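# Structural description and commentary
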Amino acid sequence: MTITFITGANKGLGRETARRLIECGHTVLVGARNREQGEEAAAALGARHVPIDVTDDASVAAAVADVAEHEGRIDVLINNAGVHGPVGDPGDLTAADARAVLDVNVIGVVRTTTAFLPLLRRSDDPVIVNVSSGMGSLALTHHPGRPESHVVAPLYASSKAALTMLTTQYAKGLKDIRVNAADPGYTATDLNGHSGPQTVTEGTDVIVALATEERGAGTGRFVSRHGEIAWS
């Protein structure tokens, strides 16, 4: 049985990923900061809720201890929790704005990954999927035909570029773990006011694919539902 832990799994892409992976036969742990929402999502999906705030060392440590006690390992870690931050004129950005976005989208991934590595290494085929975005791709944000090129979201875009590079570095350094980044595409979620043209099911295609690949699949990739993409 594949045991999968998903951060930010109480709604949007995280919740739909949980639903689909349960259908695939995974035992899914719904990581969520809000206890009420996490428990509701877990009950509706047939999963187990594990409280976790990726910006808090103690909360992440408690989540790891919880999983160690109940499941003993994880096979897949999906770093999905994310925030968007301010949109528009970057002249109004503050250091506090930047800190808030980076603490979830980048530092939170480091914090969570480091904490869960011992449990991942108990797996026969450990996998990490980082939910990044085409908004972090220089190629896509400069292509006039792409929706990413028409959005000004400085902190979100910067954080996702950092996350994709972080993924490639983890892939090089963690030889025993498959580590890849997913670009869900422009999907209708709370993060964008449900403005995206894709459904959450379409948006989770690549996350589910990376989480269910056969042993020996590639590492250090940036992948969308249409295949591998350039992010430089």
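Up top is the structure these notes are about.
These lines cover the structure that appears in this document, whether it is placed above or below.

Quick notes on the rules
Residues numbered from 1 in each chain as written. Predicted model: local features only at pLDDT ≥ 70, side-chain atom pairs only at ≥ 80, totals over all residues. Heavy atoms only, no water. Pairing = 2+ DSSP bridges. Helix = DSSP H or I, 4+ residues; strand = E, 2+ residues; numbered from the N terminus. Contact = heavy atoms within 4.5 Å. Axes fitted to C-alpha atoms, helices over the stretch in contact; angles between N-to-C directions. Salt bridge = Lys/Arg side-chain N within 4 Å of Asp/Glu carboxyl O. Buried < 20%, exposed > 50% of the residue type's maximum accessible area, 1.4 Å probe, protein only. Parallel < 35°, antiparallel > 145°, perpendicular 65-115°, else oblique. Left-handed = near helix turned anticlockwise from the far one by under 90°.

### Considerations on the sheet that holds strand β3 (residues 48-51)
- Ordered by their spatial adjacency, 8 strands build an open sheet running β3-β2-β1-β4-β5-β6-β7-β8, and the pairing between neighbours is mixed. Edge positions in the sheet fall to β3 and β8 (227-228), since each has one partner strand and no second.
- Relative to strand β5 (residues 127-131), strand β4 (residues 76-79) runs parallel, the two being bridged by 4 bridges. The residue of β5 that forms the bridge with Val76 is Val127.
- Against the sheet, helix α3 (residues 57-70) touches β1 (3-6), β2 (27-32) and β3, its axis set at about 145° to β3.
- Where helix α5 (residues 107-120) meets the sheet, its contacts fall on β1, β4 and β5, and the angle it forms with β4 comes to roughly 175°.

### So, the pattern of salt bridges
- Following the criterion strictly, the structure yields 15 salt bridges and no others.
- We note a salt bridge from Glu16 to Arg19, for which the minimum N-O separation is 2.6 Å. With Glu16 and Arg19 both in helix α1 (residues 12-23) and 3 residues apart, the pair spans about one turn of that helix.
- Taking relative accessible area as the criterion, Glu16 reaches 9% and is therefore assigned buried.
- The class for Arg19 is partly exposed, based on a relative accessible area of 31%.
- Of the charged contacts in the structure, one is a salt bridge between Glu39 and Arg35, with a shortest N-O distance of 3.9 Å. On the criterion of helical spacing, the pair formed by Glu39 and Arg35 is a turn pair, its members being 4 residues apart in helix α2 (residues 35-45).
- What emerges from the salt-bridge pattern is a single network uniting Asp125, Arg178, Glu213 and Arg221.

### What about the packing of α5 against helix α7 (residues 154-173)?
- The geometry of α5 relative to α7 is characterised by a closest axis approach of 11 Å and an angle of 25° between their N-to-C directions. As far as their axial angle goes, α7 and α5 are roughly parallel. Seen along the crossing, α5 lies across α7 with a hand that is right-handed. Contacts between α5 and α7 involve Val109, Val110, Thr113 and Thr114 from the former and Leu163, Leu166 and Tyr170 from the latter.

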